[in-house]
Amino acid sequence: MANIKSAKKSVKTDKIKTASNTSYTSKVKNGMKKLEKAVKEKNLEAAQAQLKTTMADLDKCSSKGLIKKNTCDRQKARLNKKVKEMI
């Protein structure tokens, strides 16, 4: 355990930030899974709606530094391609 006051505070804030970051990344992963499921079921409306929310979540994670920019762009391109192939 930390002895210095600032170190104790940083332990607390790290827990809070870790929980927040985990929720954002899990939101992205779950969104991608839902999108894959909609594509498999050939449900175009659900896939397009899920694509919109997943892209927004990916952008948010990228802006917070949880996912690298190129990784975010690559994932968005792949998901967009899958949905466009359905049309």
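The present account deals with the structure reproduced in this document. Keep in mind that what you see is a predicted model, and the values were worked out from it rather than measured.

1. Considerations on helix H1 (residues 5–40)
A rise of 1.5 Å per residue sets the reference length of H1, with its 36 residues, at 52 Å; its end C-alpha atoms lie 53 Å apart and thus fit the reference within 8%. Where H1 is concerned, the buried positions are Tyr24, Val28, Gly31, Leu35, Ala38 and Val39. Close packing links the buried residues of H1 with helix H2 (44–64) and helix H3 (69–86).

2. Points about the pattern of salt bridges
With the rule as written, the count across this model stands at three salt bridges. Ionic pairing is found between Lys76 and Asp59, a salt bridge with its closest N-O pair at 2.8 Å. Of this pair, Lys76 sits in helix H3 while Asp59 is found in helix H2, placing the two residues 17 residues apart along the sequence. A residue is classified by how much of its surface remains accessible, and Lys76, at 18% relative accessible area, is buried. A relative accessible area of 35% places Asp59 in the partly exposed class. The residue Asp73 makes a salt bridge to Lys69 at a minimum N-O spacing of 3.1 Å. Here Lys69 and Asp73 lie together in helix H3, a separation of four residues that amounts to about one turn. Relative accessible area serves as the criterion here: at 32%, Asp73 is assigned to the partly exposed category. Residue Lys69 is classed as exposed on the basis of its relative accessible area of 55%.

Rules used in this analysis
Residues numbered from 1 in each chain as written. Predicted model: local features only at pLDDT ≥ 70, side-chain atom pairs only at ≥ 80, totals over all residues. Heavy atoms only, no water. Helix = DSSP H or I, 4+ residues; strand = E, 2+ residues; numbered from the N terminus. Expected span 1.5 Å × (residues − 1). Buried < 20%, exposed > 50% of the residue type's maximum accessible area, 1.4 Å probe, protein only. Contact = heavy atoms within 4.5 Å. Salt bridge = Lys/Arg side-chain N within 4 Å of Asp/Glu carboxyl O.

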